[in-house]
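# Residue-level structure breakdown
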Amino acid sequence: MPVFHTFTAGGKRYMFDANTNVIINLKEDLYFELEKYMQSGYKEITPAIEKLRDRGYLKDRADFEMVHPMDSTLEYSLERCIGTIALQVTQGCNLRCKYCAYSGSYYNRVHSSKRMSKEIAFKAIDFLFDHSIDRDRVSLGFYGGEPLLELDLIKECVKYAKKKSIGKELMFNITSNTTLITDEVLKFLYDNEFSLTVSLDGDRQAHDKNRVFAANGAGTFSVVMQILEKIQTQYPDYMERVHINAVIDPTTDFDCTSNFFSDYKTVKDFYIQANLISEYYRKDEVATDEEYREKFSYEIFKMYLQKLGRLENGSVSKLVSHGFHSLKEIHDKTKMPSSLTIKRDHHSGPCVPGIQRLFVDVEGNLYPCERVSEASKAVRMGHIDTGFDIDKARALLNIGKLTEKECKQCWAFRFCSACAVQADNLEELSAEKKLQNCALIRGHIDNMMRDYCVMRDLGCIQSPQNAFILNLGLESLHVRMPRHVENGQAVAEFLENHPKVEYVSYPGLKSNKYYETAKKYMPNGGCGVVSFEIKGGKEAAEKFLKNLKLAAIETHVADARTCCLNPATSTHRQLNDEQLKEAGVPAGLIRISC
């Protein structure tokens, strides 16, 4: 069955073909023919649709094994590549935030008096260093509840971790409601170069609506602002390490919250990360306000105008500043190779569990990150005393196996954001629960594709600095290119007869299958880029690169310098050996821009 998606954007009609990862513009009549084609169960094939098929589109999805590309290196990664560990030093908190995961609004997560013992904390730190052998930099985070309730334990952990970190760069991070940050605490965080994430949801009305003291129900806005003002006045150079995390309640006034973060003197110079109230593991739906959504969408529109150079910097709300990432992801993933020949594949979404931010609860249990519920048996992947449960970790990584049939037929396969969190019903990983999120995920991707196509059609405006640098290169391009081509021909001819070279790929060689085509369409010479496979595979390629004297190891082409790279360990490093072979990228391949 062909897997594709049709949509409209900016008055135009488009099709995304999942096999080729290509978005193409359609004429109106062809767009409606494709609609009828889908409605007929892919049986009503018109001449126009047949022409699309001849061009490589609308092909039946080739069958493949649903396996994550990092599956083969999972054990190695967990054994040697852990980068960050987050310690849940307490499940207690001095606040009662109404949207908190421990507020009672979420399944099986409530505040408790449980605290992490020194023994477990130190074992967790040992675990981090024992499993980060291939990392030059490691990070130790402290999580709650409110982690500063366990300040003495945090101090001991910092001291112990520093002793263990010889030969590695060690960083610390903490997320706090700030109400327990005294002068002493602030100096401790500053002296130990902590990255501090401060919880602040907006102006007084927005913040105090949800973030209140447990003891008396009073709002905490004033206390947080005092701490931020103290950082600005007493430790101005610490501001770059302090971020504000805003949990946005979509029933509050968007304009007030947005203007607060953009204009209020105390907060406007801090980096802001804004997120809506989490719906994962929640017992009920998060209340929303239509006016809030409309204003949020309008700010997204303004952000796109800013990226196009139609609006000045600073004219867009900080609450949507992260939104461009999703658009860039659409762009990047439509540049990925075709899916037609891949034998093993997996939808995007799940990261390697634990690699980015391994979460350790108060009892020493291991979880892939702090987003999951520590009350869940399904996502528990080991214990610091017994190590990783590889079978559990593999199940979390290959979450697509739960819904393999549906995923293989889904056009949004490459752009999916579903991971184990969406499939977790606290007892097991559930296919039914995972599928409940699919319509929402596809809707988001559809919106991003529409926005991407509009942005792509409108084009972009470079920054003055980028335009200046590009123009410098263009001024001499007509002089460089003939020499670039001459060098490429000479190097290709030299390498073709070299005893240590397996083969050379260059259209200017008579032995190349594209030689006649190149003569026709490139009468002034082939190009300056030569690819060749060096005998001896990966080791020989590494030795070759290490012994270069004049050439630079870069991805650039048509540079003033000679640039070399080994695609298998650079541009295609995300592929395993089998996938490299299928892509025609042998381990010993060298690309040289002459």
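Scroll up a little and you will see the structure.
What comes next is a walk through the structure. (Residues numbered from 1 in each chain as written. Predicted model: local features only at pLDDT ≥ 70, side-chain atom pairs only at ≥ 80, totals over all residues. Heavy atoms only, no water.)

## Quick word on unusual backbone geometry
Along the chain, G144 connects to G145 via a cis peptide bond; the corresponding omega equals 10 degrees. Here G145 lies in the loop between β6 (137–143) and α5 (151–164). Unlike most non-glycine residues, L58 shows phi in positive territory, near 60 degrees. With respect to the secondary-structure elements, L58 resides in the loop between α2 (47–54) and β4 (65–66). Residue L58 is classed as buried on the basis of its relative accessible area, which comes to 0%. Of note in this structure, T178 is not a glycine but carries a positive phi near 75 degrees. Mapped onto the elements of the fold, T178 is located in the loop between β7 (169–176) and α6 (183–191). (Helix = DSSP H or I, 4+ residues; strand = E, 2+ residues; numbered from the N terminus. Buried < 20%, exposed > 50% of the residue type's maximum accessible area, 1.4 Å probe, protein only.)

## Observations concerning the packing of α5 against α6
The geometry of α5 relative to α6 is characterised by a closest axis approach of 12 Å and an angle of 20 degrees between their N-to-C directions. Overall, the two elements α5 and α6 adopt an arrangement that is roughly parallel. The way α5 lies across α6 gives a crossing that is left-handed. Facing L151, I154, K155 and V158 of α5, the residues of α6 in contact are E184, V185 and F188. (Axes fitted to C-alpha atoms, helices over the stretch in contact; angles between N-to-C directions. Parallel < 35°, antiparallel > 145°, perpendicular 65-115°, else oblique. Left-handed = near helix turned anticlockwise from the far one by under 90°. Contact = heavy atoms within 4.5 Å.)

## Digging into a nonpolar patch on the surface
Among the surface-exposed residues, F468, I469 and L472 lie close enough to one another that they form a single nonpolar patch of about 300 Å² accessible area. Along the chain, L472 falls in helix α17 (residues 464–475). (Patch = residues over 30% accessible without salt bridge, like charges linked within 9 Å, V, L, I, M, F, W, Y side chains within 5 Å. Areas by Shrake-Rupley, 256 points an atom, 1.4 Å probe, with all protein chains shown as cover. Salt bridge = Lys/Arg side-chain N within 4 Å of Asp/Glu carboxyl O.)

## Let's talk about the packing of aromatic side chains
All told, the structure shown has 23 aromatic pairs when counted by the stated rule. Aromatic side chains F7 and Y14 sit 5.5 Å apart centroid to centroid with 20 degrees between the ring planes, which places their arrangement in the stacked category. Note on Y14: relative accessible area 1%, which makes it buried. Counting every residue linked through ring pairs, the aromatic cluster contains F142, F172, F188 and F194. (Phe/Tyr/Trp six-rings, centres within 6.5 Å; stacked < 30°, edge-to-face > 60°.)

## Focus on the sheet that holds strand β2 (residues 12–17)
Read from one edge to the other, the open sheet built from three strands follows the order β1-β2-β3, with strand pairing classed as antiparallel. One side of each edge strand has no neighbouring strand; the edge strands of this open sheet are β1 (4–9) and β3 (22–26). Taking each pair of neighbouring strands and ignoring which way they run, the sheet shows an average axis angle of 25 degrees. Across the sheet, helix α1 (residues 28–39) touches β1, β2 and β3, and the angle it forms with β1 is around 140 degrees. (Pairing = 2+ DSSP bridges.)

## Topic: the sheet that holds strand β16 (residues 501–505)
Ordered by their spatial adjacency, five strands build an open sheet running β16-β17-β20-β19-β18, and the pairing between neighbours is mixed. The open sheet is flanked by β16 and β18 (552–553), the only strands paired with a single partner. Summarising the sheet, β18 and strand β19 (residues 563–565) pair through two bridges and their orientation is parallel. Counted as the bridge partner of I553 is C564 from β19. Across the sheet, helix α20 (residues 537–546) lies against β17 (529–534), β18, β19 and β20 (589–593), angled at about 130 degrees from β17, the strand it touches most.

## Let's talk about the environment of C256
Its place among the elements puts C256 in helix α9 (residues 254–263). The class for C256 is partly exposed, based on a relative accessible area of 36%. Taking the C-alpha atoms as reference points, C256 and A206, 50 residues apart in sequence, are found 8.4 Å from one another.

## Thoughts on the pairing of β3
Bridging between β2 and β3 involves five bridges; their strand directions are antiparallel. Bridge pairing in β3 places M15 opposite I24. Hairpin connection from β2 to β3: four residues lie between these consecutive antiparallel strands, with N21 at a positive phi of about 60 degrees.

## Quick notes on the nonpolar core
If you look at the biggest cluster of nonpolar residues, it comprises 85 residues, and the most contacted ones within it are L87, F142, F194, L200 and L228. Counting residues per element, this core draws most heavily on helix α4 (residues 118–130), which supplies eight residues. Beyond its immediate stretch of four places on either side in the chain, L200 contacts H207, F221, V224, M225, L228, I244, N245, A246, F260, F261 and V267. F7, F16, L327 and W411 belong to the second-largest nonpolar core, a separate cluster that totals 28 residues. (Core = buried A, V, L, I, M, F, W, Y, C linked by side-chain atoms within 4.5 Å.)

## Some remarks on the pattern of salt bridges
All chains considered together, the criterion is met by 29 salt bridges. The shortest N-O distance in the salt bridge between K155 and E184 comes to 2.7 Å. Taken together, the positions of K155 in helix α5 and E184 in helix α6 put the pair 29 residues apart, joining distant regions of the chain. The partly exposed category is assigned to K155, whose relative accessible area is 27%.

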